[in-house]
Each structure stands twice: as C-alpha cells, then as structure tokens.
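Working through the structure, step by step
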Amino acid sequence: MNDGSSVKRAPRSAELRVGGLARLSTCDWPGELVATVFCQGCPWSCGYCHNPDLIPPDAERRIGWPDVLSFLDSRRGLLDGVVFSGGEPTLQAALPEAMRAVRALGFRVGLHTAGPYPARLAEVLTLVDWIGFDVKAAFDDYERITSVAGSGAKARAGLVQVLASGVACDIRTTVHDVLLDRAALARLASDLAALGVRDHRLQPFREVGRAMAAEP
C-alpha cells in the first residue's frame, strides 16, 4: 500500500468521464467484490434506462478520474475487481487506458456494455476478464427500444465479437412488459440461438434506479 503517488495519471484530455462510483458492489459482477465506475454518456435512449442521468455525454463530471484511481489504490487487496458500467463505457476513447490503469493496480476488470461501438469493444476485449452484455431485443426490433436506427446491427456485431473472444460473459435482457411481449421474446430467443448463445438471462424492469455515490 502507498500514498497514491504511484498511481499513473492520464493526461486530463484523455481522462475517463465518470458520472458515478459505487465503492462496493456484490451484484455488478456475480461472485466478485468490486467497485463500479459509471461512465458518462450513451448513444441510445432506452425508455426503461435506470441511469438516465448518465445518457448525456457532455454532462458535468461528478468525479474526476484521478480521484477514482486514488480511491482504487486505497482498496488494493480488499476488492477483487473493477467494473466499468454506464451509460455506455465504450463510447469513451479513454476507456482502454483507464482499464490498463486499473489492471496496473492489480484489479481484474469487468465491463457492462450493450455493444453500440463494435470497433471500440474489440479494442478492450483483451483487457477484460468478464463482460455483462445487455441484449435489448431481437436485433430487428432494436430501434423501437433505443430510438436509434441501425442499433440492432451494431449490437449484433458487438455480441458476435464477445462470443468469439472467449471472455466470460453474462448475456442478459431487461424485460419491460410494454416493450417486450411473448412474441418479441420469442424473436429474441431465435436470434440468440442462431448465434450459438446457450445461456441467456431475463431480468425484470425496475422502477427504482441504482443509487450512486457522488464522491469517492
């Protein structure tokens, strides 16, 4: 343990934009004790999003990335890993360097993503130990959920990359009864089966969002 002086500082222009920090989580990476970094910004506007304040990419930063690193440095040996969540972490070009900094502190790295940036996702697959991949719906139904044309094709490409990488993953879908009826879920199951997905988890929509700490 040290006073944090050894923590690598990224140039401010390349710092991760952080909208929130959970100092301790037992649910963001099943079976692991982690800190969860909520990255600011998402290209999609899903109606059931439980972190809508993280959607705007240019929102005021709640926490500086150097402060997050200092906090993590103080938790070495106490936490198993760090999860990058959001928002959508792969929106940010600074994500790979942020992951490298976390790994340099001795933590395993988890990622929550919906795959809207397949090329950027490919850049970090060698840096992560686990991925929670959010599949919104059957790929042809995505625009109805995300309000963004072409989002289904990008999500499919991202999921294909994750499956090919061999990285451990949890493939899950949030079920909102208004948006995903039985027919929609059947189309989703068919799409996933075609990709060879065997384990797929359904999770119910929650009215109450996850509370996030504003300071480390």
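Conventions used here
Residues numbered from 1 in each chain as written. Predicted model: local features only at pLDDT ≥ 70, side-chain atom pairs only at ≥ 80, totals over all residues. Heavy atoms only, no water. Pairing = 2+ DSSP bridges. Helix = DSSP H or I, 4+ residues; strand = E, 2+ residues; numbered from the N terminus. Right-handed = clockwise from strand over helix to strand, strands pointing away. pLDDT = per-residue confidence, 0-100. Contact = heavy atoms within 4.5 Å. Salt bridge = Lys/Arg side-chain N within 4 Å of Asp/Glu carboxyl O.

Considerations on the pairing of strand S7 (residues 201-204)
- Two strands pair when backbone bridges link them, and strand S6 (residues 168-175) and S7 are joined in this way by four bridges, in the parallel orientation. Paired with Arg-172 across the bridge in S7 is Arg-201.
- Considered for its hand, the β-α-β crossover made up of S6, helix H6 (residues 182-194) and S7 is right-handed.

Brief notes about the confidence of the model for the protein
- Looking at the protein as a whole, the pLDDT averages 89, with 88% of positions reaching at least 70.
- For the stretch residues 1-13, pLDDT sits under 50, and the model shows 19 contacts to residues farther than four places along the chain or on other chains.
- Every residue in residues 209-216 is under pLDDT 50, and counting partners more than four places away or in other chains gives 26 contacts.

Overview of the side chain of Asp-141
- Residue placement: Asp-141 occurs in the loop between strand S5 (130-134) and helix H4 (142-146).
- Among residues more than four places away in sequence, those in contact with Asp-141 are Ala-184 and Arg-187.

Things to note about the pattern of salt bridges
- What the rule picks out here adds up to eight salt bridges.
- Of the charged contacts, one joins Arg-172 and Asp-134 as a salt bridge, the two residues approaching to 2.7 Å between their closest N and O atoms. Separated by 38 residues along the polypeptide, Arg-172 in strand S6 and Asp-134 in strand S5 bring together distant segments of the chain.
- A network of salt bridges, in which partner residues are shared, links Asp-134, Asp-170, Arg-172 and Arg-201.

Here we look at unusual backbone geometry
- Across the junction of Gly-86 and Gly-87, the peptide omega takes the value 15°, indicating a cis bond.
- At Ser-147, a residue that is not glycine, the phi angle is positive and equals roughly 65°.
- Among the secondary structure elements, Ser-147 is positioned in the loop between H4 and helix H5 (151-165).

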